[in-house]
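Take a look at the letters that make up each chain.
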Amino acid sequence: MIRVLLAEDMHLIRGALASLLRLEPDIEVVAEVPSGDAVVPAALEHRPDVAVLDVQMPGMDGIEAAAELGKRLPGCRVLVLTQLGRPEVLRRALAARVGGFMLKDAPPADLAAAVRRVNAGETVIDPALAAATITARENPLSPREVDVLRLAAGGDDLSEIAHALHLTKGTVRNYLGAIVTKLDARNRLDAVRIATEAGWL
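Quick caveat: nothing in here was measured; it's all calculated off a predicted structure.

Procedures and definitions
- Residues numbered from 1 in each chain as written.
- Predicted model: local features only at pLDDT ≥ 70, side-chain atom pairs only at ≥ 80, totals over all residues.
- Heavy atoms only, no water.
- Pairing = 2+ DSSP bridges.
- Helix = DSSP H or I, 4+ residues; strand = E, 2+ residues; numbered from the N terminus.
- Contact = heavy atoms within 4.5 Å.
- Axes fitted to C-alpha atoms, helices over the stretch in contact; angles between N-to-C directions.
- Polar contact = N/O pair within 3.5 Å; in protein donor to acceptor, adjacent residues only side chain to side chain.
- Core = buried A, V, L, I, M, F, W, Y, C linked by side-chain atoms within 4.5 Å.
- Buried < 20%, exposed > 50% of the residue type's maximum accessible area, 1.4 Å probe, protein only.
- 1 Å grid on protein atoms, 1.4 Å probe; cavity = no way out; pocket = protein on both sides within 12 Å on 5 of 7 lines; lining within 4 Å.
- Points joined across faces, edges and corners; volume = space filled by probe spheres on them.
- Nonpolar A, V, L, I, M, F, W, Y, C, P; charged D, E, K, R; others polar.
- Salt bridge = Lys/Arg side-chain N within 4 Å of Asp/Glu carboxyl O.

Draft legend 1. View of the sheet that holds strand β6 (residues 124–125). The strand order across the open sheet formed by six strands is β2-β1-β3-β4-β5-β6, and the pairing between neighbours is parallel. At either margin of the open sheet sits one strand with a lone partner, and together these are β2 (27–33) and β6. The pairing of strand β4 (residues 77–82) with strand β5 (residues 100–103) spans four bridges and is parallel. When the sheet's bridge partners are listed, Thr82 is paired in β5 with Leu103. Sitting on the sheet, helix α1 (residues 11–22) is in contact with β1 (2–7), β2 and β4, with an inclination near 165 degrees to β2.

Shown next as structure tokens:
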């Protein structure tokens, strides 16, 4: 019996995934959690064979949770589910040593098959996404630069970005200048467009 921990912040989706997996005779859902922060405590309590984690969750995201799980419970394999079929997200997931990376719009039957394959030690990745990742440009921005640009993309001005990230306005201005240069953009708006199209925001 494959013991599965399921982490998904949307209650309806989590319930649907759990119901789907419970139809399988060889899979048992031993824990369901609504946030990334709850993954490791639940895993240490229930000792699952496979953790199925959504990428976007409140608190710690699914990839951060996967990395932490790898340190605390290395025997637990991880399958990441996401709506964000972007090369940069897959790169982060692979760096966290996840065993599988699946898009949420995959056919339902593929989920149970992926759980079995990940449990068996295989790496399961959508082939089209893997190909796109190989050819995609790597993100040249630091995590802090991504934070700054994400807030700028949301319409925040210098003062708001500085306040949100506990920086000075001058530091934010320097970050934005560096971002425009690194992305070879014409201006801040162009930098937002380039980073969004590349899947870095």
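Draft legend 2. Local environment of the side chain of Asp190. You can see Asp190 is positioned in helix α10 (residues 188–198). At a separation of 2.7 Å, a polar atom in the side chain of Asp190 contacts the side chain of Arg193.

Draft legend 3. Spotlight on the nonpolar core. Core analysis: the biggest nonpolar cluster contains 28 residues, and Leu5, Val39, Leu53, Leu69 and Val78 have the highest contact counts within it. Every element with two or more residues in this core is listed here: β1, β2, α2 (39–46), β3 (50–54), α3 (62–72), β4 and α4 (87–95). Apart from the residues within four sequence positions on either side, Leu69 is in contact with Val39, Val40, Ala43, Ala51, Pro74, Cys76 and Val78. If you look at the next biggest cluster of nonpolar residues, it comprises 21 residues, including Leu165, Leu183, Trp200 and Leu201.

Draft legend 4. Seen up close, the layout of surface pockets. Quantified by volume, the largest pocket comes out at close to 490 Å³. Broken down by secondary-structure element, the contributors of at least two residues to the lining of the largest pocket are α4 and α7 (143–153). Looking at the lining of the largest pocket, its residues break down into eight nonpolar, four polar and six charged.

Draft legend 5. Examining the pattern of salt bridges more closely. Applying the stated criterion across every chain yields a total of 13 salt bridges. Where Arg116 meets Asp26, a salt bridge forms, and the shortest distance between an N and an O atom there is 2.7 Å. Of this pair, Arg116 sits in helix α5 (residues 108–119) while Asp26 sits in the loop between α1 and β2; the two residues are 90 residues apart in sequence, bridging distant segments of the chain. Arg116 sits in the partly exposed class, given a relative accessible area of 30%. Classification of Asp26 by relative accessible area gives partly exposed; the value is 26%. In this structure, Arg117 engages Glu122 in a salt bridge whose closest nitrogen and oxygen atoms are separated by 2.9 Å. Taking the relative accessible area as the measure of exposure, Arg117 reaches 37% and is therefore partly exposed.

Draft legend 6. Representation of the side chain of Asp54 within the structure. You can see Asp54 is positioned in strand β3. Relative accessible area serves as the criterion here: at 5%, Asp54 is assigned to the buried category. Ignoring sequence-local partners within four residues, the contact set of Asp54 consists of Ala7, Glu8, Asp9, Gly62, Leu81, Thr82 and Lys104.

Draft legend 7. Looking closely at unusual backbone geometry. Located in the positive-phi region is Arg47, a residue other than glycine, with phi close to 50 degrees. Summarising the element assignment, Arg47 is placed in the loop between α2 and β3. One non-glycine residue, Asp184, lies in positive phi territory at about 55 degrees. Within the fold, Asp184 resides in the loop between α9 (169–182) and α10. Using a relative accessible area of 69% as the deciding quantity, one classes Asp184 as exposed.

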